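Close look at the chain arrangement
What follows is each chain in one-letter form.
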Amino acid sequence: MFAVSKAPDDLVITPRDRRFFRGGTQKRFWLANNPVATAFYNALSVTLPYGEAFFIESVGAFRSSLPEKLAREVKAFVRQEAIHSREHAALNRNIASFNYDVSRLEEQVIGALSSLRGMSAMIRLTVTTVLEHYTAVLAAQFLTDDRLVKERFEIDQVALWCWHAMEEIEHKGVAYDVWLHATRNWSGVRRWSYRAISMIFVSLSFWKNRYRAITWLLAQDGITGVRAHAKLLWYLFVNPGVQRKAIVPLLAFCLPGFHPWNKDDRDLILEFDGNDRTPGRDPDSKCLASVSDIAG
């Protein structure tokens, strides 16, 4: 039984070739001067050039058999992810410029992806759909905090994450629609059980590895032991509660009838100003407010 895509008919996926870290302001604790909040996003950024290359490979393995419309969406998805990878490589060089040693984080993600590349194309695609759901959920969380990014015109790190988050929302259904097409001959029960089990295993690995990576970065700022764990757990589960707030939308992936576009949140995708390469200056945007709360 083929599950039909629920992507909006008028959805347009537009690669926006933005460049950051070319003269803007940077600082060590760029997110509200908070080392834990900064470490959370820095640890995630280190994974992205490798992770997004994996996403492109995983989706691309099924590209030749796709219907025309979905093939066009995959082409735009690949272009967006390639640009994201380039800009996060620039961010990662910026992180290293503050004398952070990220080699341990890179080895972690390279090892994990190497193991996945030894598995079947279907497993790799399914893992990609789970991780794309993760990025979409975290992107929406980033953009709906009313006190997040007043500094996005001054701080390149904030501008980059805002831009990246918007495009993750825009293409959030592409990998999943490729997966639906690849599993079109599966029963609904088989499809549901396969992705639900995958979500469980990917989630355990994702949070374990991100937690370790964040603590490695915090240790380089002299935040170690009980103090480091207390601060990080507070950030994840209390204020702002990044992981706590993500639990319900992430678990939606396991529900029968799930599709990333069951929730149309394109209102979070802002216009971009091509002159200064920053997100648009909509004065009513939730993306314009203070960064203090998400930093905890």
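Keep in mind that what you see is a predicted model, and the values were worked out from it rather than measured.

Here the largest pocket defines a volume of roughly 830 Å³. Leu116, Val127, Leu131, Val202 and Phe206 are, among the 36 residues lining the largest pocket, the residues nearest its centre. Of the residues assigned to the lining of the largest pocket, the class counts are 23 nonpolar, ten polar and three charged. For the second largest pocket, the calculated volume is near 440 Å³. His133, Val137, Pro249, Lys263 and Asp265 are the residues nearest the centre of the second largest pocket, which is lined by 21 residues in total. Those elements giving two or more residues to the lining of the second largest pocket turn out to be α4 (121-144) and α9 (242-251). Here the element with the most residues in the lining of the second largest pocket is α4; it accounts for six residues. Taken together, the residues that form the lining of the second largest pocket break down as eleven nonpolar, six polar and four charged.

All right, on to the packing of helix α2 (residues 68-97) against helix α6 (residues 174-182) then. Here α2 crosses α6 at 140 degrees, and the two axes come no closer than 10 Å. With respect to their mutual orientation, α2 and α6 come out oblique. In this structure, α2 crosses over α6, and the sense of that crossing is left-handed. Of α6, the residues touching α2 (which contributes Leu70, Glu73, Val74 and Phe77) are Val174, Asp177, Val178 and His181. Per-class residue counts for the contact of α2 with α6 are five nonpolar, one polar and two charged.

Rules used throughout
Residues numbered from 1 in each chain as written. Predicted model: local features only at pLDDT ≥ 70, side-chain atom pairs only at ≥ 80, totals over all residues. Heavy atoms only, no water. 1 Å grid on protein atoms, 1.4 Å probe; cavity = no way out; pocket = protein on both sides within 12 Å on 5 of 7 lines; lining within 4 Å. Points joined across faces, edges and corners; volume = space filled by probe spheres on them. Nonpolar A, V, L, I, M, F, W, Y, C, P; charged D, E, K, R; others polar. Helix = DSSP H or I, 4+ residues; strand = E, 2+ residues; numbered from the N terminus. Axes fitted to C-alpha atoms, helices over the stretch in contact; angles between N-to-C directions. Parallel < 35°, antiparallel > 145°, perpendicular 65-115°, else oblique. Left-handed = near helix turned anticlockwise from the far one by under 90°. Contact = heavy atoms within 4.5 Å.

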